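Structural characterization, general
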Amino acid sequence: MQFRSRRQVLFPAIAILAPLFAACDSTVAPDLTDVQAYTCKIDANTGECAGTPTLGADRLVFGSPEELEVYLKPLQDAPREELEAAEARNGFQSLRAYLDSNEDTEEAAKASDGSEEPTGNEARALEQDGVTREDFPVSDAFLSVLNARGEVAVGGSVFKVTRDHVYEVSPDYAVTLDEKVPTLSSAPPADGDPRITVHKVESTLRDDAHEVAASQGAGPVFNHQPGVGGDCYVYGGSSYRMHGKSYISNFFFYAEAGVSTEWERKKSFLWWSYWSNTWQSGTLSHSFTSSVVFGMWNGPWFPIGPASGSQSQTGTSKIHRTVAWGVGFGVRLRGELHTRHNVANGYVTGSCFTDASA
C-alpha cells in the first residue's frame with residue numbers, strides 16, 4: 001500500500017476522517033491498563049512511528065487507527081521470520097501462529113509426508129475453535145496483530161475478529177465478550193446484548209461483499225468475469241493441489257484486497273477432510289490486474305493500490321501479495337481483482353484464474 005500518497009488523497013477530501021487518522025502522540029488511557037500498551041509518536045514529515053509494543057497482557061492496544069496502520073505497514077507481505085520476530089516482541093501467541101500448519105519449509109513438509117494428520121497448531125484450532133487458516137481470507141500480517149482469541153484494541157474499543165463476525169466492546173467488557181463468544185466460530189450472542197456491537201465480516205470468497213455492494217446500489221461498477229470465482233485449483237493427484245485466490249475482505253476497522261497462490265495437501269481431522277498449505281519444490285507464480293477503491297462504508301471512493309503486478313518463487317508453500325489495504329472505523333474496499341495463478345512442480349504443471357469483485 002502506498003501509505004503516504006493515500007493519506008494525501010484522503011485527508012483533504014474526507015474531513016470527517018481527520019480524528020481517526022490524525023498524527024498522534026499518545027499512550028494507553030488509564031482504563032486500558034489491564035491490556036498491553038502500544039506507545040506511538042508519528043513524525044508529521046515521514047509518517048514513521050517511534051516506539052514499540054510493551055510487554056504485558058495478551059492484547060495489543062493502539063490509540064488510533066493510524067497507529068495500527070503504521071504498525072502494520074512494515075508487516076504487509078513481510079517474510080515469516082519478520083512476522084515471528086514482531087510477535088515475539090509482543091509476548092503472546094498471534095492468531096496467525098495459532099492457525100499455522102507449520103509446513104512452510106522443506107524439512108517440515110518431508111517430516112509430515114505420508115500422513116494425513118494435522119500439523120503445527122492446526123489440531124488445536126480445529127478442536128477448540130472449529131476453524132482453519134482457510135476461514136480467514138486475509139493476509140498473515142493482519143492475523144499477526146491479533147491474539148489467538150482474535151482480539152486487538154483500537155481507539156478505545158476492543159475488537160474480536162472471528163470467522164464470520166467482528167465484535168466491538170469497551171475494554172472493561174472484553175472478558176464478558178469472551179464468555180459470550182467463546183470460540184472463533186461462535187454465533188453472535190442470542191440475548192442481543194446492547195454492549196456488544198456486531199459487524200459482519202465481508203469477503204468476496206464468501207460472496208458477502210457482493211451482497212453488500214449490491215444492496216447499496218451506488219458507487220463504482222466493475223465488470224465481473226463470467227464463470228470465474230475467488231478460488232481456483234490445479235490438482236496434482238488426489239492429495240495435492242495448487243489453490244489460487246483473489247479476495248476483497250472488510251472487517252469494519254480494517255479492509256484488504258489481495259491475491260495468493262498456495263500449494264496444499266489433503267488432511268483429515270476426526271470425520272472430515274480439509275486442505276492445508278504445505279511446501280513444494282517447484283515454482284508458484286501469479287499475475288494480476290486491479291481496479292480497487294477505498295472509502296467509508298457508503299463512499300466517497302478513492303483509487304488505491306497498483307493497476308497490475310506479478311511475482312514468482314521456487315521452493316515455497318505460497319506466494320501472496322497484499323494489493324491494497326486501509327484502516328479506520330467503517331472503512332471498506334471495493335473493486336475488481338483478476339489473477340492468473342501458475343504452478344510447475346513434480347506433481348503438476350498448469351494454470352487457473354480467479355476474480356474478486358465487490
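Conventions we followed
Residues numbered from 1 in each chain as written. Predicted model: local features only at pLDDT ≥ 70, side-chain atom pairs only at ≥ 80, totals over all residues. Heavy atoms only, no water. Buried < 20%, exposed > 50% of the residue type's maximum accessible area, 1.4 Å probe, protein only. Helix = DSSP H or I, 4+ residues; strand = E, 2+ residues; numbered from the N terminus. Pairing = 2+ DSSP bridges. Disulfide = S-S within 2.5 Å. Polar contact = N/O pair within 3.5 Å; in protein donor to acceptor, adjacent residues only side chain to side chain. pLDDT = per-residue confidence, 0-100. Contact = heavy atoms within 4.5 Å.

A look at helix α3 (residues 65-72)
Of all the 8 residues making up α3, 8 are buried; the element is thus mostly covered by neighbouring parts of the structure. Pro 65, Glu 66, Glu 67, Leu 68, Glu 69, Val 70, Tyr 71 and Leu 72 are the residues of α3 that are buried.

Observations concerning the pairing of strand β17 (residues 318-327)
Across the 10 residues that make up β17, a large majority, 8, are buried. Across 9 bridges, the pairing between strand β12 (residues 254-269) and β17 is antiparallel. Paired with Val 259 across the two strands is Arg 321, which belongs to β17.

A look at the state of the cysteines
Enumeration over the complete set of coordinates arrives at 1 disulfide. In this model Cys 232 forms its disulfide with Cys 352; the gap between the sulfur atoms is 2.0 Å. The sign of the S-S torsion, about 60°, decides the handedness of the disulfide formed by Cys 232 and Cys 352: right-handed. Here the residue Cys 232 occupies a position in strand β10 (residues 231-235), and Cys 352 occupies one in strand β19 (residues 349-357), the gap between them amounting to 120 residues. Accessibility expressed as a relative area gives 8% for Cys 352, which makes it buried.

Thoughts on the sheet that holds strand β6 (residues 157-161)
Taken in spatial order, the 5 strands line up as β4-β5-β6-β7-β8 in an open sheet, and their pairing is mixed. The outermost strands of the open sheet, each flanked by one partner alone, are β4 (61-62) and β8 (197-200).

Description of the side chain of Arg 59
In this fold, Arg 59 is placed in the loop between β3 (49-50) and β4. Of note is the side chain of Arg 59, whose polar atom sits 3.3 Å from the side chain of Glu 151.

Here we look at unusual backbone geometry
For the peptide bond that leads from Gly 299 to Pro 300, omega is 0°, which places it in the cis range. Positionally, Pro 300 belongs in the loop between β14 (280-296) and β15 (301-304). At Asp 77, a residue that is not glycine, the phi angle is positive and equals roughly 60°. Structurally, the position occupied by Asp 77 is in the loop between α3 and α4 (80-90). With a relative accessible area of 35%, Asp 77 lands in the partly exposed category. Despite not being glycine, Asn 102 shows a phi value in the positive range, around 55°. Along the chain, the position of Asn 102 falls in the loop between α5 (95-99) and α6 (106-112).

What to know about the confidence of the model for the chain
Confidence in the prediction for the chain averages 83 pLDDT; 78% of positions are at 70 or higher. Segment residues 50-56: pLDDT under 50, and 21 contacts once partners within four positions in sequence are set aside and those in other chains are kept.

Brief notes about the side chain of His 199
Assignment of secondary structure puts His 199 in strand β8. Residue classification places His 199 among the buried residues on the basis of a relative accessible area of 14%. There is a polar contact of 2.9 Å between the side chain of His 199 and the side chain of Glu 168. When near neighbours in sequence (up to four residues on either side) are disregarded, His 199 contacts His 165, Val 166, Glu 168 and Phe 252.

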